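# Understanding the architecture of this molecule
Chain by chain, the residues run as shown.
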Amino acid sequence: MVVVIGHWAEHLAQAYQIWALGWPVPKARGVLGLAYPWLVTSEWLHYGYALVMLIGLWMLRPGFTGRSRSWWTAALVIQFWHHIEHLLLLLQAQTGHFLFGRPVPTSILQLVLPRVELHLFYNTVVFLPMVVAMYLHLRPSPAEERLMACSCRPAAAQA
């Protein structure tokens, strides 16, 4: 969760730099990107984060049951697509062959939304189902409660 919140903070800082401070997009690098500009321009970093998120969502999935599992799976599916988009960007950056006749690496949904807005969108549509899943996980129905095997299940179910 620290990594997810940190990633959110970076994107929100970048959005603030662009829309509140009026910085041009190439100069708006979030917090870490100001100290380490190469981080923001590294497709390896972005792909690595997308892959770590995908693996984390996959590894934690067995801990969810019922409705919470459905929401967690939704986050996993969306993150899988996000990972594919970053894989496309990484491959373009590594080969120098850019898709769609663009002068820079471009993902499929970047054809519809600019990159900054697209990543705010991705963060939102992956994060919100995670939040709903966690909320439902901590408030299971009686049937879901019986299926839970984790240490965070309600005390009444542990007896």
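See the structure above.
What you are looking at is a predicted structure, and each value in this text was computed from that prediction instead of being measured.

Cut-offs used in this document
- Residues numbered from 1 in each chain as written.
- Predicted model: local features only at pLDDT ≥ 70, side-chain atom pairs only at ≥ 80, totals over all residues.
- Heavy atoms only, no water.
- 1 Å grid on protein atoms, 1.4 Å probe; cavity = no way out; pocket = protein on both sides within 12 Å on 5 of 7 lines; lining within 4 Å.
- Points joined across faces, edges and corners; volume = space filled by probe spheres on them.
- Helix = DSSP H or I, 4+ residues; strand = E, 2+ residues; numbered from the N terminus.
- Nonpolar A, V, L, I, M, F, W, Y, C, P; charged D, E, K, R; others polar.
- Polar contact = N/O pair within 3.5 Å; in protein donor to acceptor, adjacent residues only side chain to side chain.
- Contact = heavy atoms within 4.5 Å.
- Phe/Tyr/Trp six-rings, centres within 6.5 Å; stacked < 30°, edge-to-face > 60°.
- Buried < 20%, exposed > 50% of the residue type's maximum accessible area, 1.4 Å probe, protein only.
- Expected span 1.5 Å × (residues − 1).

### Some words on the layout of surface pockets
- Considered as a void within the structure, the largest pocket measures approximately 960 Å³ in volume.
- Lining of the largest pocket is provided by 33 residues; of these, Q14, V40, T41, H46 and R115 occupy positions nearest its centre.
- Breaking the lining of the largest pocket down by element, the ones donating at least two residues are α1 (2-19), α2 (32-35), α3 (37-41), α4 (43-60), α5 (66-95) and α6 (115-137).
- Among the elements that line the lining of the largest pocket, the one with the most residues is α1, at six residues.
- Partitioned by chemical class, the residues of the lining of the largest pocket number 14 nonpolar, 13 polar and six charged.
- Around the second largest pocket sit M1, V3, V4, V52, M53, G56, L57, L60, W72, M130 and M134, which together line it.
- Elements that contribute at least two residues to the lining of the second largest pocket include exactly α1, α4 and α6.
- Here the lining of the second largest pocket gets five residues from one element, more than from any other, and that element is α4.

### Considerations on the side chain of H7
- Considering the arrangement of structural elements, one finds H7 in helix α1.
- At a separation of 3.1 Å, a polar atom in the side chain of H7 contacts the side chain of Y49.
- Apart from the residues lying within four places of it in its own chain, the contact partners of H7 are Y49 and N123.

### Side note on the packing of aromatic side chains
- Using the criterion set out here, one finds three aromatic pairs in the structure.
- On the numbers, 4.3 Å between centres and 15 degrees between planes, the contact of F64 with W72 is stacked. Residue F64 shares its accessibility class with W72, and that shared class is buried.

### Concerning α5
- The end-to-end C-alpha distance of α5, which contains 30 residues, comes to 43 Å, matching closely the 44 Å that a straight helix rising 1.5 Å per residue would cover.
- Those residues of α5 that fall on the buried side of the exposure criterion are S68, W72, A75, L76, Q79, H82, H83, E85, H86, L89, L90 and Q92.
- Looking at the packing, one finds that the buried side of α5 touches α4 and α6.
- Note on α5: the residue one or two positions beyond its end, G96, has a positive phi of about 80 degrees.

### What about empty space enclosed by the protein?
- Here the structure, examined in full by the defined rule, presents two cavities of 30 Å³ or more.
- Here the largest cavity defines a volume of roughly 70 Å³.
- Looking at the largest cavity, the residues that line it are V4, H7, W8, Y49, M53, Q79, H82, Y122, N123, V126 and F127.
- For the lining of the largest cavity, the element with the most residues is α6, which contributes four residues.
- Among the residues forming the lining of the largest cavity, the class breakdown is seven nonpolar, four polar and no charged.
- Put simply, the second largest cavity is a space of about 30 Å³.
- Considering the residues around the second largest cavity, the lining is formed by T65, S68, L136, H137, P140, E144 and M148.
- For the lining of the second largest cavity, the class distribution of residues is three nonpolar, three polar and one charged.

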